[in-house]
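If you want the building blocks of each chain, they are given just below.
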Amino acid sequence: MPRTVSAADLLRFATAATEFHGVPAADARLLADTLVTAELWGHPSHGMLRLPWYLDRISSGATAAVASPEVVSDTGAVVVIDGCDGLGQVLTSHAVHEGVERAREHGISAVAVRNSGHFGTAAYFTRKAAELGCVALLATNASPAMAPWGGKEKRIGTNPWSIAAPSGRYGTVVMDIANTAVARGKIYAAKERGTSIPEGWAADADGVATTDPRRAIEGLILPMAGHKGYAISFMFDVLAGVLTGSGFGSQVVGPYRSTGRSGAGHLLMCIDIRSMADPAEFEQRMEALVAETKSTPTAPGTSEILVPGELEIRRAERLRTEGITVVDDTWASLARIATTTGAALPRPQTVSTTPPQEFPA
């Protein structure tokens, strides 16, 4: 039966388990926080089910336990960093720090990261840049998941991206999407829950539409918006992979494989709002945009208009009180980690009969 645990206990467990694998304490907590935050946002596809993936890659040596980023080139507003196969979360957090500082100095910045790994949810990082007064865009590439438009073999990654901006009393507005009909992790999450996936998400290895997540994992994830999703994903591989000097296309290895150099690349662009507008005026304009959007008359069956990122924040506020529900397969993985590392499993608050709801990508 699914178990419900507190976010704080889950954070302590994931941090301790990661430290056991030689990751410095602050970096271990960062990795754990990205996973728990994804759970709180209602995206278990990017939550605790990924912890064993990351730890297995550290154990195999595919990911370095201690990140040692090196500067490849630096022109002031633009810097290229070699991640040297460190944890993607640690390297991307470093990129945010560099990006915000350089944007404050130059008005705009671009931080390219090569030879990194999967970093979890892009919104985790763009939100932080927005909270520091920037509008931020973060793009990454991923291992092949979809076929080029008209093809039948995986050659293109989901290559997700996120844009975030501060919006005054509304907090932060943020978009985080994969360029496929759904993020691949949501198919893994469906497999963990033992549920089918909606039609239109994926095809099997023969290119035939399927609602079976296991067959979908072996097959293809379909692009969002048909050929448009394919084209966007291709171009983000140009930005995150080719331009950064990292892996691209079939060279990128996903986090669910315990071996093999990831080769993931990221590109973060930050605009210091002060370089273009008075921050107070910008916030007022953002508030006006959000208010106008939310005041739109609703269609039948819709109770309220939400802006990007609002759903996740509401979900997190509720789950910090109610707890996070972990499905059986994920709990079994965490139990194996506890046995190996000695990290104490979170104590279940309740045993839930309802699996956690996965929000769309």
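Residues numbered from 1 in each chain as written. Predicted model: local features only at pLDDT ≥ 70, side-chain atom pairs only at ≥ 80, totals over all residues. Heavy atoms only, no water.

### Things to note about helix H2 (residues 25–40)
Across its 16 residues, H2 extends 22 Å between first and last C-alpha, which sits within 8% of the 22 Å expected from 1.5 Å per residue. By the criterion of burial, H2 is predominantly enclosed, with 12 of the 16 residues buried. Burial in H2 covers these residues: Asp27, Ala28, Leu30, Leu31, Ala32, Thr34, Leu35, Val36, Thr37, Ala38, Glu39 and Leu40. Here the buried face of H2 lies against helix H1 (7–20), helix H3 (51–60), helix H4 (88–106), helix H5 (122–131), helix H10 (310–322) and strand E14 (324–326). (Helix = DSSP H or I, 4+ residues; strand = E, 2+ residues; numbered from the N terminus. Expected span 1.5 Å × (residues − 1). Buried < 20%, exposed > 50% of the residue type's maximum accessible area, 1.4 Å probe, protein only. Contact = heavy atoms within 4.5 Å.)

### What about the pattern of salt bridges?
In total, this model carries 15 salt bridges according to the counting rule given. Note that Asp74 and Arg102 form a salt bridge whose closest N and O atoms lie 2.7 Å from each other. Separated by 28 residues along the polypeptide, Asp74 in strand E2 (residues 70–74) and Arg102 in helix H4 bring together distant segments of the chain. Among the residues examined, Asp74 registers a relative accessible area of 43% and is labelled partly exposed. Look at Arg102 and you get buried, because its relative accessible area is 13%. The salt bridge involving Glu310 is made with Lys294; its shortest N-O contact spans 3.0 Å. Taken as a pair, Glu310 in helix H10 and Lys294 in helix H9 (residues 279–294) lie far apart in primary sequence, 16 residues in all. The exposure class assigned to Lys294 is partly exposed, which follows from its relative accessible area of 22%. Residues participating in the shared-partner salt-bridge network are Lys294, Glu304, Glu310 and Arg314. (Salt bridge = Lys/Arg side-chain N within 4 Å of Asp/Glu carboxyl O.)

### Some points on the environment of Ala316
Turning to its location among the elements, Ala316 is positioned in helix H10. For the pair Ala316 and Leu40, spaced 276 residues apart in sequence, the C-alpha to C-alpha distance is 4.4 Å.

### Brief notes about the packing of H3 against helix H11 (residues 328–341)
The geometry of H3 relative to H11 is characterised by a closest axis approach of 10 Å and an angle of 40° between their N-to-C directions. Here H11 runs oblique to H3, going by the angle between their axes. In contact with Leu51, Pro52 and Leu55 of H3, H11 contributes Ser333, Leu334 and Ile337. Split by residue class, the contact of H3 with H11 holds 5 nonpolar, 1 polar and no charged. (Axes fitted to C-alpha atoms, helices over the stretch in contact; angles between N-to-C directions. Parallel < 35°, antiparallel > 145°, perpendicular 65-115°, else oblique. Nonpolar A, V, L, I, M, F, W, Y, C, P; charged D, E, K, R; others polar.)

### Side note on the packing of H4 against H5
In contact at an axis separation of 10 Å, H4 and H5 are set at 20° when each is read in the N-to-C sense. On the basis of the axis angle, H4 is roughly parallel to H5. The interaxial crossing formed by H4 with H5 has right-handed handedness. Across from Gln89, Thr92, Ser93, Val96 and Val100 in H4, the residues of H5 making contact are Phe125, Lys128 and Ala129. Broken down by class, the residue content of the contact of H4 with H5 amounts to 4 nonpolar, 3 polar and 1 charged. (Left-handed = near helix turned anticlockwise from the far one by under 90°.)

### Considering the pairing of strand E9 (residues 172–177)
Sheet topology places strand E8 (residues 161–166) next to E9; 6 bridges connect them, and they run antiparallel. Residue pairing across strands places Ala164 opposite Val174, the latter belonging to E9. The turn joining E8 and E9, which pair antiparallel and follow one another in sequence, is formed by 5 residues; a positive phi near 60° is taken by Gly168. (Pairing = 2+ DSSP bridges.)

### Structural notes on the environment of Gly76
Of note, Gly76 is situated in the loop between E2 and strand E3 (78–82). Owing to a relative accessible area of 17%, Gly76 belongs among the buried residues under this scheme. Along the chain, Gly76 and Ala103 lie 27 residues apart, while their C-alpha atoms are 9.5 Å from each other. In this view, Gly76 contacts Arg102 and His106; residues no more than four positions away in its chain are not counted.

Such coordinate-based values are descriptive only and should not be taken to indicate function.
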